[in-house]
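Single-letter residue listing:
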Amino acid sequence: MARAGLTADRVTLTGAELADEVGLEHVTMSAVARRLGVKDASLYVHVRGLEDLRGRIALLAADEKTIRIAEATAGRAGKDALVAFADSWRAYAHAHPGRYTATQIPTQIDPELAARAAGPRRAVELTYSMLRAYELAEPDLTDAVRLVRSTLHGFVSLEAAGGFAHARPAETSWARCLDALHALLERWPASREGDPS
């Protein structure tokens, strides 16, 4: 029998909060149950197991991150949009490290749940929209999307792992990386001959 007040959303949010505190890899069904003050079995009425919970955390995080990015980039274009997009991405990763990790690892997500979730789809749309000012055509646009995602994820992941212990502040390097990314996007190299689209 389901405990009153316990829902899939509440279980997911509790798992997400725990992930931010102790790391996604340390989130277990037992730990979530203890946090909620219920027996482990009570959770399985609302989520199918740990993999399902991680998938739900990933979708929650994708929604949250996308909303932040959309708000930050609204009405902006070019470098202003790129910097707002990147800064929002990084701020979310700092504020919610466990949730951010959930969005970056392969997870089996319930197809029905994924189909209803707007976050991942909206994230792709926002990235392409942000890059529109650079006037890139396919397949260059897709390559640029991959470059932006790789740059932002790489930086925040190395930063979270303590990889920037050098005396030069990470904030300064971040700003310079965005300057360089903008310059590259403005002067995108021509496609290679015979490159498949």
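Residues numbered from 1 in each chain as written. Predicted model: local features only at pLDDT ≥ 70, side-chain atom pairs only at ≥ 80, totals over all residues. Heavy atoms only, no water.

1. Quick word on the environment of L53
When you line up the elements, L53 lands in helix α4 (residues 50-73). Among the residues examined, L53 registers a relative accessible area of 0% and is labelled buried. A sequence separation of 26 residues divides L53 from V27, and the C-alpha atoms of the two residues are 9.5 Å apart. Residues in contact with L53, not counting those within four places in the same chain, are V11, T12, V27, M29 and V32. (Helix = DSSP H or I, 4+ residues; strand = E, 2+ residues; numbered from the N terminus. Buried < 20%, exposed > 50% of the residue type's maximum accessible area, 1.4 Å probe, protein only. Contact = heavy atoms within 4.5 Å.)

2. Section: the pattern of salt bridges
Once the charged atoms of two side chains with opposite charge are near each other, the side chains can pair. For the structure on display, the rule yields 11 salt bridges. Between D20 and R99 there is a salt bridge, with its nearest N and O atoms 2.7 Å apart. In this pair, D20 is assigned in helix α1 (residues 8-22) and R99 in helix α6 (residues 97-104), connecting sequence segments 79 residues apart. In this structure D20 comes out as buried when scored by relative accessible area, which is 18%. Between R48 and D110 there is a salt bridge; the shortest N-O distance is 2.9 Å. One end of the pair, R48, is in the loop between α3 (40-43) and α4; the other, D110, is in the loop between α6 and α7 (111-116), with 62 residues separating them in the sequence. Taking the relative accessible area as the measure of exposure, R48 reaches 57% and is therefore exposed. Salt bridges here are not isolated pairs; linked through shared partners, they connect D20, E64 and R99. (Salt bridge = Lys/Arg side-chain N within 4 Å of Asp/Glu carboxyl O.)

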